[in-house]
Amino acid sequence: SRAVAGVLAGRGLGPETTVGLAIPRSLDSIVALFAVLRVGAAYVPLELDHPDERIAAIVEDARPDAILTVSAVSPRLTGTVADTAGLIELDRPLPAAEPFVTFAPDDPDRLRHPAYTIYTSGSTGKPKGVVTEYAGLTNMLVNHQRRIFEPVLAEHGHRTFRIAHTVSFAFDMSWEELLWLADGHEVHICDEELRRDAPGLVEYCLEHGIDVINVTPTYAQQLVAEGLLDQPERRPALVLLGGEAVTPTLWQRLAETEGTVGYNLYGPTEYTINTLGVGTFECQDPVVGVPIDNTDVYVLDPWLRPLPDGVPGELYVSGVGIARGYLGQCAQTAHRFVACPFGAPGERMYRTGDLVFRRPDGNLTYLGRTDQQVKIRGHRVELGEVEAAFAAHPAVRFAAAVAQPDPQVDGAYRLAAYLVLDGADLAAVATEVGTGLPDFLRPTHYAEVDSIPLTVNGKADTKALPEAKPLGALTTSGERGPETETETTVCEFFAEALDLDDDEVSAVSDFVSLGGHSMLAVRLIGLLRREYGPVITIRDLFTLRTPEAIARHLDDDHDNS
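Quick caveat: nothing in here was measured; it's all calculated off a predicted structure. (Residues numbered from 1 in each chain as written. Predicted model: local features only at pLDDT ≥ 70, side-chain atom pairs only at ≥ 80, totals over all residues. Heavy atoms only, no water.)

1. Focus: the domain arrangement of the chain
In plain terms, the rule: Boundaries between domains were set according to an automatic or database domain assignment. A contact between two residues is defined here by any heavy atoms of the two lying within 4.5 Å. A quick way to say it: buried area is the sum, across both parts, of accessible area lost when two parts are put together, with a 1.4 Å probe. The salt bridge criterion pairs a side-chain nitrogen of Lys or Arg with a carboxyl oxygen of Asp or Glu, the two atoms within 4 Å. Segments assigned H or I by DSSP are reported as helices when at least four residues long, segments assigned E as strands when at least two residues long, and all are numbered from the N terminus.
Domain assignment breaks the chain into domain 1 (1–107), domain 2 (135–369), domain 3 (377–467) and domain 4 (480–559). Between domain 1 and domain 2, the C-alpha centre-to-centre distance is 27 Å. Contacts between the two partners involve 15 residues from domain 1 and, on the opposite side, 17 residues from domain 2. Three residues, R25, I30 and E47, lead the burial of domain 1 against domain 2; their summed loss comes to 45% of the area buried on that side. Taken together, the links from domain 1 to domain 2 amount to two salt bridges. The closest approach of N and O atoms between R196 and D49, which form a salt bridge, is 2.3 Å. Contributions of two or more residues to the side of domain 1 that touches domain 2 are made by helix 2 (27–39), strand 2 (42–45) and helix 3 (52–62).

What follows is the structure in structure tokens.
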């Protein structure tokens, strides 16, 4: 990282400048990230799984001064402001430069420069960049060393831990693993396929003696079902949870597992990753916890008056970890980052939009949202962004996006889109709009309606809407059914994993069009492996996609074995 930092410094990059990161998951990702931090610049992670249009929109908004990438990715960045920013390809010889160690070590204000800008879903229809300073990251490390690392390490002789890095670098939760690296521990970078493959990830953790894993509660439940905690001598010492609410079942399982603790980390991107935290060794209930170090939280009514214990109110947070605001969006920054009447002059607090109440023991309990923001597989989603994407299509007269409980995944939600169309085909519109949306913003279920029913307040009456169906299930009747024994079995597994009737799955049904996503892929792969053995992976599923193609793959493997 010192060599790459030298190249960046040689280009004049340092505090108050920005560097984009467009690198596939690998050790190069860590090298590039820490090189940016060495020179005191801010990094902007670009999620390569996202459509090119969304990557281009983020690059256009962030306007980085340089982009670290590799030659295989560079073509995806041409035609954007990246052309003028300048690409530095890490898999080609680097320009000659003196290694660079760290920026402004004697500057007392060095931690007040931005460390990263991470983009989240925006209610206006465009993603918004949250600018976070080094002070928040430093505070997180100090807090974690005292409240998480020390208690867990003490139980295991203060040995060097092994941490599995499974979170996208475009997600601020990815810093949970990196803080262990900064503390001198061993971090394993799981590639894109491994991090999404629950059986494979559990096998990796057990084989390599992984001590710490950091995942969403939804994914943790799948890892537990695959045997993560089953072997006392090889189970992880710590399971970090974040990104969405923890179910009582998962929390109880972690609390009852000898040698393993769970730790719930709550926090919006606007307050440097974590605001609250609690471990299974501190509370028996899946609360969101108490404030981290150098952080104040307030439960307030609409007039910013503090509420007593047990009374629900909106959560406001202030302290050293508060972000600067939204990049280039002064009005939105002013709306969400408001003056703190309880702190020093000039101090700000962030309106989280989360509804909570404080218990007598000081822990906060999460109740829900005060707005339309939801969590989909750990990602923050503004329903307004989904609706705006569909409303921009010329054939859509009106669109309503709804988050519905996912019956297949405990505590999770899925997106449904209700569209009023102007004579267009539902499948065609859904496909055209969906190609420009990341996976977590793309609805899995659809319904065409004549109008959107409204409540007395003029808002969409979601309870009066008809049942939405996966797009693929709406066209199954005209498609061929399974013809071979393997096709029949695979179709049955599709229906079981996706909670569909057998007649809603044809031999040529597309997994994604049937409502499939990464979490349900783990379930389907589990069913297939129990029947046919470890001959198919998550990557195979998303490549083959149909029962017909998967059955052919399985039959070919059987014939060749």
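2. Description of the sheet that holds strand 25 (residues 469–470)
Defined as follows: DSSP bridges decide pairing: two strands pair if at least two such bridges lie between them. Lines fitted to C-alpha atoms define the axes here, with helix axes fitted over just the stretch in contact, and angles between the N-to-C directions of these axes take values from 0 to 180 degrees.
Strand order in the open sheet formed by four strands is 22-23-24-25, and the pairing between neighbours is mixed. The sheet is open, and its two edges are formed by strand 22 (396–405) and strand 25, each paired on a single side. Relative to the sheet, helix 13 (residues 383–391) contacts strand 22, strand 23 (413–421) and strand 24 (445–448), its axis offset from that of strand 22 by approximately 150°.

3. Some remarks on the packing of aromatic side chains
Just so we agree on the cut-off: What counts as a ring pair is set by centres within 6.5 Å for rings of Phe, Tyr and Trp (its six-membered ring), and what kind of pair is set by the plane angle: stacked under 30 degrees, edge-to-face over 60, tilted for all other angles. Only protein chains enter the area calculation, which uses a 1.4 Å probe; residues under 20% of their type maximum are buried, those over 50% are exposed, and those in between are partly exposed.
Overall, the coordinates contain 12 aromatic pairs when judged by the stated rule. Between the aromatic rings of Y43 and Y116, the centroid separation amounts to 5.6 Å while the plane-to-plane angle is 45°, which identifies the pairing as tilted. Linking Y43 in strand 2 with Y116 in strand 5 (residues 114–120), this pair joins segments that are 73 residues apart in sequence. Given the relative accessible area of 0%, Y43 is considered buried.

4. Quick look at the pattern of salt bridges
Tallied over the full model, the rule gives 30 salt bridges. Among the salt bridges present, the one from D230 reaches R253, with a minimum N-O distance of 3.6 Å. Here D230, found in the loop between helix 10 (217–225) and strand 10 (238–242), pairs with R253, found in helix 11 (residues 248–256); they are 23 residues apart in sequence, far enough to count as distant. For the salt bridge of D354 with R369, the shortest nitrogen-to-oxygen distance reads 2.6 Å. One end of the pair, D354, is in strand 18 (residues 348–358); the other, R369, is in strand 19 (residues 364–369), with 15 residues separating them in the sequence. Exposure remark for D354: the relative accessible area of 7% places this residue in the buried category. Here the salt bridges share partners, and the residues they tie into one network are R480, E483, E487, E548 and R552.

5. Here's the deal with helix 10
Most of helix 10 is tucked away: eight of the nine residues are buried. Taken together, the buried positions of helix 10 are occupied by P217, T218, Y219, A220, Q221, Q222, L223 and V224. Buried positions along helix 10 lie against helix 8 (192–196), helix 9 (198–208), strand 9 (212–215), strand 10, helix 11 and helix 16 (518–532).

6. What to know about the nonpolar core
In plain terms, the rule: In this text, buried Ala, Val, Leu, Ile, Met, Phe, Trp, Tyr and Cys residues form a nonpolar core when linked through side-chain atoms within 4.5 Å.
Ranked by internal contacts, the top residues of the largest apolar core, which has 65 residues, are L8, L68, W175, W180 and L238. Two domains each provide a minimum of three residues to this core, namely domain 1 (1–107) and domain 2 (135–369). Once you skip the residues sitting within four places of it in the chain, W180 turns out to touch F149, L153, F161, I163, H185, V212, L238 and L240. Judged by nonpolar contacts, the second largest core, of 54 residues, contains C190, C205, L498 and A521.

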